[in-house]
Amino acid sequence: MTANFTPREIVSELDRYIIGQDKAKRAVAIALRNRWRRQQAPADLRDEILPKNIIMIGPTGVGKTEIARRLAKLANAPFIKVEASKFTEVGYVGKDVESMIRELTDLAVKMVREEETKKINVRAAQAAEERVLDLIDLSRVDMLVAESGVTADSGSREARARLRDLLRHGKLDQEEVELEGAPPSAIIPTIEVMTPGGLEEMGHSIKEMLSQIMPQGSGRKPKRVKVPEALELLTQDEAAKMVDMETVRKLAVELTEQQGIVFLDEIDKIAAGGEQRHGPDVSREGVQRDILPIVEGSSVMTKHGMVRTDHILFIAAGAFHMSKPSDLIPELQGRFPIRVELDPLTGEDFRRILTEPKNSLTRQYVALMETEGVRLRFVDEGIAAMCDIAVHLNDEMENIGARRLHTVLERVLEEIAFVAPERHGAEFAIDRAYVNARLADIVKDPDLSRYIL
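This is a predicted model, so every value here is computed, not measured.

Cut-off values and rules
- Residues numbered from 1 in each chain as written.
- Predicted model: local features only at pLDDT ≥ 70, side-chain atom pairs only at ≥ 80, totals over all residues.
- Heavy atoms only, no water.
- Helix = DSSP H or I, 4+ residues; strand = E, 2+ residues; numbered from the N terminus.
- Pairing = 2+ DSSP bridges.
- Axes fitted to C-alpha atoms, helices over the stretch in contact; angles between N-to-C directions.
- Contact = heavy atoms within 4.5 Å.
- pLDDT = per-residue confidence, 0-100.
- Parallel < 35°, antiparallel > 145°, perpendicular 65-115°, else oblique.
- Left-handed = near helix turned anticlockwise from the far one by under 90°.
- Buried < 20%, exposed > 50% of the residue type's maximum accessible area, 1.4 Å probe, protein only.
- Polar contact = N/O pair within 3.5 Å; in protein donor to acceptor, adjacent residues only side chain to side chain.
- Expected span 1.5 Å × (residues − 1).
- Phe/Tyr/Trp six-rings, centres within 6.5 Å; stacked < 30°, edge-to-face > 60°.
- Lys NZ or Arg CZ within 6 Å of the ring centre and 35° of its normal.

With respect to the helices and strands, Gln259 occurs in helix H11 (residues 245–259). Remark: the alpha-carbon pair of Gln259 and Arg35, spanning 224 residues in sequence, is separated by 7.8 Å.

Next comes the structure, spelled out in structure tokens:
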């Protein structure tokens, strides 16, 4: 079911993680709310209401991907990011563009399976507990058995109840039990099928078929594991038995069709400018024509069933330095009616990025160093100095937006991160003097900064 958030609530949630870009946030918030509105519309009109796909225009590192990813997480929707340029890698047409819908459906199956597993997790844990009790060798727990008064007859109700009590209180955690090979759900298939580009789905189908043909126990030997690990493995096994995969697949296909989000990055790389079409431009236009029916609405065959793409939300993004959205073929342009231009980041934006978001870089580094018993304290002047350097580097070299902050911070904190295990209890203040001492020489040397920052 589509999340029932108002556009204002969606923007407010995005503000917790992403600085600025209000126009883009409003656009995606309206698109997400429209999904809920469509579900409330009359049934005879519901299928006619198509999503308004979005093109985000802006340089790298300004938040395009993060906005789409956070939106999908907020909506609890299947989300996949695809580099549009990868479809030009092979020949004129490139890789199978339908693979993005198959991957999206696979992700939806995983999401639904996890949800269904949570519903029966208690029952699965109880069944796994009974199986472990059957496997415990009482002769190896004589001391604990004697202390608890359990008799050697583990089949009696009283003895089993006391043994279960020992198990639940962790008294048997150091004991080992023998499993008849690892449970099927815990085994990662070792069969690999190599297929050429565009035939990945055929490879998956062959691999799945061979896995089913091979005997359940082939190549697996009984192994001894500690009781906690046995409980975990057997719980997974019991859950796999209880979950109805046919229902999971049906729900996953519906989830993909109604709530799926595809983020098409680098769409500007498949835009062919100018009137003449030759060489790589032919390949790019061919990819656009292959993507077009997916965005327009078509049926894609997946191993989980047929998936219709009519109501999947497509969010495209690109820098459009060398081209413009109007260089896309007209049919594809018409399928992305909403266009939003993202703003370049300023020094003030960098400061807010380092201090305001819930998962800001400074908070991440503070938490990392706390694991070593080292306290980091970021002073306002130090943060300002790092922002000034990041802006300077973006102006002088390739503008990579907020990603430059990662590089600057890593360089500033490199020495502290190296000596942290030996400086338990120490405190470091990251002020302007410290930042300048770490970066001044590199920033002054343009050739060196190109390689290091």
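Strands sit in the order E2-E5-E8-E1-E9 across an open sheet of 5 strands; the sheet is parallel. Both outer strands of the open sheet, strand E2 (79–83) and strand E9 (338–341), are each paired with one neighbouring strand and no more. Recorded for the sheet is a direction-independent mean angle of 20° between the axes of neighbouring strands. As judged from the 4 bridges shared by strand E1 (residues 54–57) and strand E8 (residues 313–318), these two strands associate in the parallel manner. Bridge pairing links Ile57 to Gly318 in E8. Sitting on the sheet, helix H5 (residues 99–119) touches E2, strand E5 (261–265) and E8, and the angle it makes with E2 is about 155°.

Across the protein chain, the average pLDDT comes to 81, with 80% of residues at or above 70. Under a pLDDT of 50 for its full length, residues 183–190 has, in the predicted model, 17 contacts with residues more than four places off or in other chains.

Below, the discussion takes up the packing of H5 against H11. Relative to each other, H5 and H11 sit at 125°, their axes nearing to 8 Å. Judged by the angle between their axes, H5 and H11 are oblique. You can see that H5 and H11 cross each other, and the crossing is right-handed. On H11, the residues that touch Leu104, Thr105, Ala108, Val109, Met111, Val112, Arg113 and Glu116 of H5 are Met245, Val248, Leu251, Ala252, Val253, Leu255 and Thr256.

Moving on, we get to the side chain of Ser323. Inspection of the secondary structure assignment puts Ser323 in the loop between E8 and helix H13 (330–334). Its relative accessible area of 12% is what places Ser323 among the buried residues. A polar contact of 3.4 Å, which involves the side chain of Ser323, links it to the backbone oxygen of Asp268. Setting aside its immediate chain neighbours within four residues, Ser323 contacts Asp268 and Ala271.

Take helix H2 (residues 22–40) next. In a regular helix each residue adds 1.5 Å, so 19 residues correspond to 27 Å; H2 covers 27 Å between its end C-alpha atoms and thus fits that length. Buried within H2 are the following residues: Ala24, Lys25, Ala27, Val28, Ala29, Ala31, Leu32, Arg33, Arg35 and Arg38.

Along E1, one buried face is formed by Ile54 and Met56 and the opposite face, lined by Ile55 and Ile57, is buried too. Pairing analysis gives 4 bridges linking E1 to E9, with the strands arranged parallel. Paired with Met56 across the strands is Val340, a residue of E9.

Burial analysis of E8 places 6 of its 6 residues in the buried class, which makes it a mostly covered element. In E8, alternate side chains face the same way, and those of Leu313, Ile315 and Ala317 on one face and Phe314, Ala316 and Gly318 on the other are all buried. Summarising the sheet, E5 and E8 pair through 4 bridges and their orientation is parallel. Looking across to E8, one finds that Phe263 is bridged to Ile315.

Attention now goes to the packing of aromatic side chains. How two aromatic rings sit relative to each other is given by the distance of their centres and the angle of their planes. For the structure shown, the criterion picks out 1 aromatic pair. Plain terms: the ring middles of Phe79 and Phe263 are 6.5 Å apart, the flat faces sit at 35° to each other, and that makes the pair tilted. Within this pair, whereas Phe79 is found in strand E2, its partner Phe263 is found in strand E5, the two being separated by 184 residues in sequence. Lying over the aromatic face of Trp36, Arg33 brings its terminal NZ or CZ to 4.0 Å of the ring centre. Its guanidinium or amino end placed over the ring of Tyr17, Arg70 lies 3.9 Å from that ring's centre, counting from NZ or CZ.

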